[in-house]
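# Observations on the three-dimensional arrangement
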Amino acid sequence: MDSLRIHGGVPLTGRITVSGAKNAALPLMAAGLATSGTLTLENVPRLVDTASMEALLANHGLDVVRDDLTLRIGGAASNLDAPYDLVRKMRASVLVLGPLLGRYGEARVSLPGGCAIGTRPVDLHIRAMQALGAVVELADGYIQARAPGGLTGGRVVFPNVSVGATENAMIAASLAKGTSELVNVAREPEIVDLAVCLNAMGARITGHGSDTIRIEGVDSLGDATHRVIPDRIEAGTWAIAAAITGGDLLIEGAYQRHLDALVDMLVETGASVDAVDDGLHVVANGRPQSVDITTDPFPGFPTDLQAQFMALMCVAEGSSRISETVFENRFMHVPELARMGADIQVDGGIALVRGQPSLTSAPVMATDLRASVSLVLAALATDGVSEVSRIYHLDRGYSDLETKLGSCGARLERIRSGHD
Ligand code: UD1
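Residues numbered from 1 in each chain as written. Predicted model: local features only at pLDDT ≥ 70, side-chain atom pairs only at ≥ 80, totals over all residues. Heavy atoms only, no water.

This part is about the overall build of the chain. Check the secondary structure of the chain and you find 14 helices and 24 strands. By the compact-globule yardstick of 22 Å for 420 residues, the chain fits well, its C-alpha radius of gyration being 21 Å. Here the chain, with 420 residues, has 56% of them falling under the buried criterion. Long-range pairs, those at least 24 residues apart, make up 73% of the contacts in the chain with a sequence separation of at least 6. (Helix = DSSP H or I, 4+ residues; strand = E, 2+ residues; numbered from the N terminus. Rg over C-alpha atoms; globule rule 2.2 N^0.38 Å. Buried < 20%, exposed > 50% of the residue type's maximum accessible area, 1.4 Å probe, protein only. Contact = heavy atoms within 4.5 Å.)

What follows is about the sheet that holds strand S12 (residues 204-206). Across the sheet, 4 strands lie side by side as S10-S11-S13-S12; this open sheet has mixed pairing. Of all strands in the sheet, those bounded by a partner on one side alone are strand S10 (155-157) and S12. For this sheet the average axis-to-axis angle between neighbouring strands, irrespective of direction, equals 15°. Summarising the sheet, S12 and strand S13 (residues 212-216) pair through 3 bridges and their orientation is antiparallel. Directly across from Ile-205, in S13, lies its bridge partner Ile-215. (Pairing = 2+ DSSP bridges. Axes fitted to C-alpha atoms, helices over the stretch in contact; angles between N-to-C directions.)

This brings us to the packing of helix H1 (residues 22-31) against helix H2 (residues 48-59). It is the contact of H1 with H2, at a shortest axis distance of 10 Å, that shows an interaxial angle of 5°. Regarding the angle of H1 to H2, the classification is roughly parallel. Residue-level contacts link Lys-22, Ala-25, Leu-26, Met-29 and Ala-30 of H1 to Asp-49, Thr-50, Met-53, Glu-54 and Leu-57 of H2. The residue makeup of the contact of H1 with H2, split by class, is 6 nonpolar, 1 polar and 3 charged. (Parallel < 35°, antiparallel > 145°, perpendicular 65-115°, else oblique. Nonpolar A, V, L, I, M, F, W, Y, C, P; charged D, E, K, R; others polar.)

Structurally, the chain comprises domain 1 (3-19 + 230-415) and domain 2 (22-227). The centre of domain 1, based on its C-alpha atoms, is set 30 Å off from the matching centre of domain 2. Taken together, the contacts link 21 residues of domain 1 with 18 residues of domain 2. When domain 1 packs against domain 2, close to 1800 Å² is buried across both sides, 56% of that on carbon and sulfur atoms. When the area that domain 1 buries against domain 2 is broken down by residue, the three leading residues are Arg-232, Phe-298 and Arg-396, summing to 34%. The tally of links between domain 1 and domain 2 comes to 2 salt bridges. The partner of Glu-190 in a salt bridge is Arg-232, and the shortest N-O contact between them spans 2.8 Å. Connecting domain 1 to domain 2 are 5 residue pairs in polar contact (both at pLDDT 80 or more). Going through the elements one at a time, helix H12 (369-381) and helix H13 (392-397) are the ones with two or more residues in the side of domain 1 that touches domain 2. For the side of domain 1 that touches domain 2, the residue count by class is 7 nonpolar, 5 polar and 9 charged. (Domains from an automatic or database assignment. Buried area = accessible area lost by both parts, 1.4 Å probe. Salt bridge = Lys/Arg side-chain N within 4 Å of Asp/Glu carboxyl O. Polar contact = N/O pair within 3.5 Å; in protein donor to acceptor, adjacent residues only side chain to side chain.)

Within this structure, the stated rule accounts for 2 aromatic pairs. Note on Trp-238 and Tyr-398: the rings are 5.9 Å apart at their centroids and 55° apart in plane angle, and the pair reads as tilted. With a gap of 160 residues between them, Trp-238 in helix H8 (residues 232-244) and Tyr-398 in the loop between H13 and helix H14 (401-406) connect regions that are remote in the sequence. Above the face of the Tyr-142 ring, Arg-108 is positioned so that its terminal group lies 3.9 Å from the ring centre. Directly above the ring of Tyr-255 sits Arg-257, whose terminal nitrogen or CZ lies 4.4 Å from the centroid. (Phe/Tyr/Trp six-rings, centres within 6.5 Å; stacked < 30°, edge-to-face > 60°. Lys NZ or Arg CZ within 6 Å of the ring centre and 35° of its normal.)

Now for the nonpolar core. By size, the foremost hydrophobic cluster in this structure holds 74 residues, and its most contacted members are Leu-41, Met-53, Phe-158, Met-170, Leu-182 and Leu-198. Here the element with the most residues in this core is H1; it accounts for 7 residues. Other than its neighbours up to four places away in sequence, Leu-182 contacts Val-156, Phe-158, Thr-166, Ala-169, Met-170, Asp-211, Thr-212, Ile-213 and Ile-215. If you look at the next biggest cluster of nonpolar residues, it comprises 68 residues, including Ile-16, Ile-244, Met-265 and Leu-369. (Core = buried A, V, L, I, M, F, W, Y, C linked by side-chain atoms within 4.5 Å.)

Its 12 residues place the ends of helix H7 (residues 189-200) 17 Å apart at the C-alpha level, agreeing with the 16 Å of an ideal helix rising 1.5 Å per residue. Just beyond H7, the residue with positive phi is Gly-202, at close to 115°. (Expected span 1.5 Å × (residues − 1).)

On to the site of the ligand. Every one of the 18 residues lining the ligand counts as a neighbour, but Asp-123, Leu-124, Ser-162, Asp-304 and Val-326 are closest to it. The backbone of Pro-121 places a nitrogen or oxygen atom 3.3 Å from an oxygen atom of the ligand. Ser-162 is positioned such that a nitrogen or oxygen atom in its side chain is 2.6 Å from an oxygen atom of the ligand. Relative to its unbound accessible area of 740 Å², the ligand is 84% covered by the protein chains. Those elements that provide at least two residues to the shell around the ligand are helix H5 (123-131) and helix H6 (163-174). Looking at the shell around the ligand element by element, the count peaks at 3 residues for H5. For the shell around the ligand, the class distribution of residues is 8 nonpolar, 5 polar and 5 charged. (Near = heavy atom within 4 Å. Areas by Shrake-Rupley, 256 points an atom, 1.4 Å probe, with all protein chains shown as cover.)

A word on the packing of H1 against H7. A pair of packed helices is characterised by two quantities: the angle between their axes and the separation of those axes. Axis separation between H1 and H7 bottoms out at 9 Å; the angle between their running directions is 30°. Comparing the axis directions of H1 and H7 gives the class roughly parallel. In the packing of H1 onto H7, the handedness of the crossing is right-handed. Residues Asn-23, Ala-24, Pro-27, Leu-28 and Ala-31 of H1 pack against Glu-190, Asp-193, Leu-194, Cys-197 and Leu-198 of H7. Of the residues contributing to the contact of H1 with H7, the split by class is 7 nonpolar, 1 polar and 2 charged. (Left-handed = near helix turned anticlockwise from the far one by under 90°.)

Written as structure tokens, this is what we have:
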């Protein structure tokens, strides 16, 4: 398994470019299953997860052609089964359920795997499909769903906010007969991006970005060309990288309106953050001050930036209380940060971080996507040489990580190893 050797202690400076959003690209690609035309997606990042989704779509029988960052998805599904071998690699594979049911009235999707954070159930996805008239059974580790006469519009009230279940319901309801109302939905920018693309394909969706979405079903969806939004989690990671290394970064392509919660917190730590024409300009101002954060669905502080922000708080002045409310068991980075000298106490979903003047280099091990990058950030902030192993998690969500960070002064190299 590959690892990253990081020589820390260099303030990151210069420009760093943000790729297309993984979490927008995956549902958009799944929406390719719902169209009778061709969906052309631009700015699709080259990642292990997008490659997994390409493989899943191809397994369903679609024609998927990649030309650099553009994907063309067309054709009809010849196979409505999403098998365990493909789905276990990525939890977001469950996003094929809504499109398959909507267009073909049938789907068989393995229960997913993915990041080992919490139990991560799919009950809300199933509930939404049932509210749209599907009959769903769980058997042999598979979700088997049928709507022989097609889905029918309905009212879906989500008891908890789920990004993925909202996306599945949006795509399915777009092809249901009649009108649907989705209540207590996710408001993430990726939801809005999906709605914009589906509407370009001929769907009739309103209310996206608020907590209630209305959808008038249409008979079929057609051709569209859509550009994936920039990855706000990647952008936020680079903003924290500037702050933790005492650096000065122009984060090209970042939208401040997607990152307000992080920007507010970074400003409270003492960093300057300015929206500029082509992105966000982040400048560290001495040692960061501690602040408390609580993760929440958008527009709250993103759970996908919690680990990175915790790394920053490890070197801040004072103590910080970090509450994780979106996922259980999302503190797997804590023991690894502790190996680098961090002082963190975890009690349930709350971590108390006592800031240290500095961290020390150490060999550490990545456990999930965002935990991995938090270790990279911590390593960049030490004065020594750290080795972060099991970085395959990073390749699921960050494209060209070494090149991008290297171009801003970071000294890091990938150590390739054939052993698993
Ligand atoms: C998406 C993101 C992920 C991010 C998360 C929360 C993608 C591909 N991934 O994941 O990076 O961390 O949003 O912002 O977009 N839940 C249930 N039942 C369900 C579904 C979810 O109880 O059927 C729970 C989850 O266990 C979790 C919470 O709801 O506690 C939020 O999960 P959800 O918003 O669904 O996350 P994902 O869509 O999987």
